[in-house]
Amino acid sequence: MTLIYKARVPTNIAFLKYWGKSDATQQWPANDSLSMTLDLYSETLASREPLPAQAGAYAFSSDQALTASEAFLHKGLRHLQWLAAQLDFSERIYLHTRNEFPASCGIASSARGLGSLTLAALACWTQSSSLSQLASCGFTRERIAQLARAGSGSACRSFWGGFVHWQRGETAQTQSVLPLASQDHWDLRDTIVIVSTQEKLISSSQGHRLAPTSVQFVPRLARLPARLAEFQTAILQKNIRQLGQLLEEEALEMHAVMASSQPPCVYMSEATQTFLQFLQEIRVQKALPIYFTLDAGPNVHLIYEARHQEAVASLLKTYQTIDVGISSGPSLGTETAQDGHH
Ligand code: 2P0
């Protein structure tokens, strides 16, 4: 019998965006960010025994890639090796990550992917079968989030449910992640409209490096503290119109920084523009409070209150969509398998 540690970590959508780093080696963001944790997960299975590779999944050992096909392999393997060296865990472990929705669909999967990889590896190395057991081994949620951050900055926000604030702090060492409000606070939804399933040409890490070359980067940083306060108020007061206005302003500003970087990174496509025009029209016609935000890609996230779910679905009948609610955060458990098979 093989004991398998199973970590599920959700993704998140940034309301206030992390775009640009003050220090890439210490993974220190140039600004605070704020996100909503989404009910869309990556699951990583970890074991001391080899795990069979399965279609659509990745498997790693601490020193060798077993199967993989995408950029995630490189990022994940590098992170696993970094974790082992950082924490002095030399035992070889096997990991197998799968995304609840295919990563090939162009949906940012690095926060949940790197988050679940980190959680599963730590559970396996410390033989912890729950989050509380991990905490008693010295791996509190805060510490796990900080370790995951090294793999992918946005992953640190995925360790809490609801609405989450990543504070950059005064120094790289004093940055922290704080929950702003729980998943029960406000029943918002995110409908992701898939306008393109193409892999992006410029990785987020490259994009972060280019951000400071935009003339709009420094003026943006000056505006962000005030915008953060407004976002916090809109969320705490559940003011959807204020939230919507801030979301759109922020998403377009991030894309303006991207597009004015040298060289430019253009993540929006013609299909994105066409969809945003369509959204503007239906908003006028139907007077529906539905707002958009964007990630580092062409797909559109529609944020709205859950009571409008049916109306949104009927408007988007001809589009490919993923409709998600708010997550309560990660989970950790164990299962057993015969001879390393599961
Ligand atoms: C965010 N994004 O706040 C922003 C908005 C994309 C657009 O964080 O280099 O994969 O691993 O820290 O976290 C995507 O970047 O970058 C991202 P690294 P990450 O969600």
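Definitions and limits used
- Residues numbered from 1 in each chain as written.
- Predicted model: local features only at pLDDT ≥ 70, side-chain atom pairs only at ≥ 80, totals over all residues.
- Heavy atoms only, no water.
- Near = heavy atom within 4 Å.
- Polar contact = N/O pair within 3.5 Å; in protein donor to acceptor, adjacent residues only side chain to side chain.
- Areas by Shrake-Rupley, 256 points an atom, 1.4 Å probe, with all protein chains shown as cover.
- Pairing = 2+ DSSP bridges.
- Helix = DSSP H or I, 4+ residues; strand = E, 2+ residues; numbered from the N terminus.
- Axes fitted to C-alpha atoms, helices over the stretch in contact; angles between N-to-C directions.
- Contact = heavy atoms within 4.5 Å.
- Salt bridge = Lys/Arg side-chain N within 4 Å of Asp/Glu carboxyl O.

S.K.: I'd like to hear about the site of the ligand, residue by residue, with values.
M.R.: In the vicinity of the ligand lie 19 residues, with Y18, K21, G153, S154 and R157 positioned nearest. A distance of 2.7 Å separates an oxygen atom of the ligand from a polar atom in the backbone of G153. R157 is positioned such that a nitrogen or oxygen atom in its side chain is 2.8 Å from an oxygen atom of the ligand. With the chains in place, 96% of the 470 Å² that the ligand exposes on its own is no longer accessible.

S.K.: Talk me through the sheet that holds strand β11 (residues 291-294); I want residue IDs and the actual numbers.
M.R.: Taken in spatial order, the four strands of this open sheet run β11-β12-β10-β13, and their pairing is antiparallel. Edge positions in the sheet fall to β11 and β13 (320-324), since each of these pairs with one other strand and no more. Going from strand to strand, the sheet's axes swing by 25 degrees on average, the running direction of each strand aside. Along the sheet, helix α8 (residues 270-286) makes contact with β10 (188-194), β11 and β12 (300-305), crossing β12 at roughly 25 degrees.

S.K.: Describe the pattern of salt bridges, naming the residues involved and giving the relevant values.
M.R.: Using the criterion set out here, one finds 13 salt bridges in the structure. The closest approach of N and O atoms between R220 and E253, which form a salt bridge, is 2.9 Å. Residue R220 is located in helix α6 (residues 217-236), and its partner E253 is located in helix α7 (residues 240-259); the two are separated by 33 residues in the primary sequence. Between R227 and E250 there is a salt bridge, with the nearest N and O atoms lying 2.5 Å from each other.

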